[in-house]
Amino acid sequence: MLTKICTTCKVEKSSDYFHKAKKEKDGLQYRCIDCGKKYHADRYINQKEKISGQIRAYRASNKDKLNEAGKVWREKNKGKVKQYQRTTNLRRNFGISIEEYEKMSLAQNNACAICLSPETLMHKSKGQVARLAVDHCHESGKIRKLLCAKCNRALGLFNDNPNVMESAAKYIRAHND
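Nothing here was measured: the structure is a model prediction, and the numbers come from that model. Position numbers for residues count from 1 along each chain, tracking the sequence in the order it is written. In keeping with the predicted nature of the model, local features appear solely for residues at pLDDT of at least 70, side-chain atom pairs appear and are counted solely at 80 or more, and the whole-chain, interface and lining totals rest on all residues. With hydrogens and water excluded, all non-hydrogen atoms of the structure serve as input to the side-chain values.

1. Remarks on the nonpolar core
So the rule is basically this: Only buried Ala, Val, Leu, Ile, Met, Phe, Trp, Tyr and Cys residues count toward a nonpolar core, and they belong to the same one when joined by side-chain atoms within 4.5 Å. In this scheme, a residue with accessible area under 20% of its type's maximum is buried, one over 50% is exposed, and one in between is partly exposed, where area comes from a 1.4 Å probe on protein chains only. Secondary structure elements are defined from DSSP: runs of H or I of at least 4 residues count as helices, runs of E of at least 2 residues count as strands, and each element is numbered from the N terminus. In what follows, residue pairs with any heavy atoms lying within 4.5 Å of each other are defined as contacts.
Ranked by size, the top nonpolar core spans twelve residues in total: Leu-90, Ile-96, Ile-98, Tyr-101, Cys-112, Leu-132, Val-134, Leu-146, Leu-147, Cys-148, Cys-151 and Leu-155. Those elements giving two or more residues to this core turn out to be α5 (98-107), β4 (143-147) and α6 (149-157). Not counting the four nearest positions on each side in its chain, Cys-112 is found in contact with Ser-117, Leu-132, Leu-146, Leu-147, Cys-148 and Cys-151. Residues Cys-6, Phe-18, Leu-28 and Cys-32 belong to the second largest nonpolar core, which totals five residues.

Structure follows, in structure tokens:
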């Protein structure tokens, strides 16, 4: 097994602890991975404004190239993009992870908390059944349960007002022939 001494920490380590570097004689960077991470983190902190400016300038001058590369990557990695969007949406909008969502869904037997039916809404573009919606209080932000699209929409149309919902239920019972 090939070993190398890191020029920063002076410790002899296996070649697995070094990134590849074509320009170096042995094909490995002169800093081990841990020292490289520390160096770059310190450098970023010490030169944050300068580095941010360089990044902005690079992005501005290579906008088309970066956009095209992004499109190609997203096209090749549709599954990753979909998972990232779902995870980001749950975290940003409701403060929960995909694991917490799945746990809630299993606890409800993958069914709506109101009508006790599975979701039936089909995504037109995807051709698959939508996920249950995360119901939450719009005032406090507290998550309640998972609902199907119809029940979630109904609560929204009733402005989450229990008095109006009870009045609607009485109306349906009184006029149900």
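2. Describing the packing of aromatic side chains
The test is simple: Pairing of aromatic rings covers Phe, Tyr and the six-membered ring of Trp, with a centre-to-centre limit of 6.5 Å; geometry is then stacked below 30 degrees between planes, edge-to-face above 60, and tilted otherwise. In our convention, an over-ring charge means Lys NZ or Arg CZ found within 6 Å of a ring centre and within 35 degrees of that ring's normal.
This model, assessed by the stated rule, comprises zero aromatic pairs. For the cation-ring pair, Lys-4 lies above Phe-18, with the distance from its terminal atom to the ring centre recorded as 5.7 Å. Of note, Arg-86 hangs over the ring of Tyr-101, and the distance from its end group to the ring centre comes to 4.7 Å.

3. Some remarks on unusual backbone geometry
Positive phi is not limited to glycine here, since Lys-10 has a value of about 65 degrees. Within the secondary structure layout, Lys-10 lies in the loop between β1 (3-5) and β2 (12-14). A positive phi angle, near 55 degrees, is found at Asn-159, a position not held by glycine. Tracing the backbone shows Asn-159 in the loop between α6 and α7 (162-174). Overall, the relative accessible area of 64% leaves Asn-159 in the exposed class.

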